[in-house]
Amino acid sequence: AKAREVAEYRQRKEKDVAAAKAVKNRATMEDILMQREFGEDKRLAVIIKGDVHGSVEAIMGSLDKMVEENEGIAIKVLHNGVGGITESDVTLAAASNAIIIGFNVRANAQAQALATREGADIRYYNVIYDVIDDAKAILSGMLDPVEREEYIGQAKIKEVFNITKVGKVAGCEVVIGFVKRGARVRLLRDDVVIHEGKLKTLQRFKDEVTEVKEGTECGMAFENYDAIKEGDIIECYNVTEEKRVVA
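For clarity, every value in this text was computed on a predicted model and none was experimentally measured.

Here is what the cut-offs are and how they apply
Residues numbered from 1 in each chain as written. Predicted model: local features only at pLDDT ≥ 70, side-chain atom pairs only at ≥ 80, totals over all residues. Heavy atoms only, no water. Patch = residues over 30% accessible without salt bridge, like charges linked within 9 Å, V, L, I, M, F, W, Y side chains within 5 Å. Areas by Shrake-Rupley, 256 points an atom, 1.4 Å probe, with all protein chains shown as cover. Salt bridge = Lys/Arg side-chain N within 4 Å of Asp/Glu carboxyl O. Helix = DSSP H or I, 4+ residues; strand = E, 2+ residues; numbered from the N terminus. Pairing = 2+ DSSP bridges. Axes fitted to C-alpha atoms, helices over the stretch in contact; angles between N-to-C directions. Parallel < 35°, antiparallel > 145°, perpendicular 65-115°, else oblique. Left-handed = near helix turned anticlockwise from the far one by under 90°. Contact = heavy atoms within 4.5 Å. Nonpolar A, V, L, I, M, F, W, Y, C, P; charged D, E, K, R; others polar.

Colleague: Please set out a nonpolar patch on the surface residue by residue, giving values where relevant.
Modeller: Taken together, the side chains of Tyr151, Val175 and Ile176 make up a nonpolar region of the molecular surface, amounting to roughly 230 Å² of accessible area. Of note, Tyr151 is situated in strand S5 (residues 146–163).

Here you go:
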């Protein structure tokens, strides 16, 4: 009887290892397909296990609705099913960098131990709204921030000077707002943008300054660009980043 028990245990372990290898291979293929399918979208891979089919379907439906309402995100359900979280689920999650969602279910001891070793993320829930809120928070953290441009001023080039060891310097008058060293600038000629970059120097007389206000003359030079002409317009602006949030 003892020998039979040992033999059965070894057979089960061999089956588990074979199943884990198969799942890992499948996960790699899933990841490749996800990259092709979703392109540059920010993707969240999940495995959903629930107590009943209705719970699993409700979670999947809510996740689908969230994706439809938010451009630039994608959620891929690698596997879903009814019942506790198994070692195969954990292996798939670890191979695919996926989150395991357990709704009114738990991982067995072996699966929990494997998750600890592999660093798999298992999250337990009993309210569907909490699942959606967590998914929104995770995806919001994955999204690139939105850049906002703040126009701060404009200057007109009145004369161009060639300065030894410096290159071409624009003699300008600030006609709107102010210009600021460290801010971004763009050069316009006949209302067409011909260059965008940063100022290399901003001077009043021979002194380097941080800011020049409207109605004041100054000298400007661009970083890595000197194809400037009299009559060109220099726009000065700041760029701020706003965090995107999944609605």
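Still to come is the rest of the account.
Colleague: An account of the pairing of strand S7 (residues 184–189) is needed here, citing residue identities and associated values.
Modeller: Sheet analysis places S7 next to strand S8 (residues 192–204), joined by 6 bridges and oriented antiparallel. Directly across from Leu187, in S8, lies its bridge partner His195. Counted along the chain from S7 to the antiparallel partner S8, the turn is 2 residues long, and its residue Asp190 has a positive phi close to 55 degrees. Across 5 bridges, the pairing between S7 and strand S12 (residues 233–242) is antiparallel. Its bridge partner lying in S12, Leu188 is registered against Ile233.

Colleague: Can you lay out the packing of helix H3 (residues 87–96) against helix H4 (residues 109–118) for me, pointing to particular residues and giving the numbers?
Modeller: The interhelical angle for the contact between H3 and H4, taken along N-to-C directions, is 15 degrees, at an axis separation of 8 Å. Regarding the angle of H3 to H4, the classification is roughly parallel. Seen along the crossing, H3 lies across H4 with a hand that is right-handed. Across the interface between the two elements, Glu87, Val90, Thr91 and Ala94 from H3 touch Gln110, Ala111, Leu114, Ala115 and Glu118 from H4. Grouping the constituent residues of the contact of H3 with H4 by class yields 5 nonpolar, 2 polar and 2 charged.

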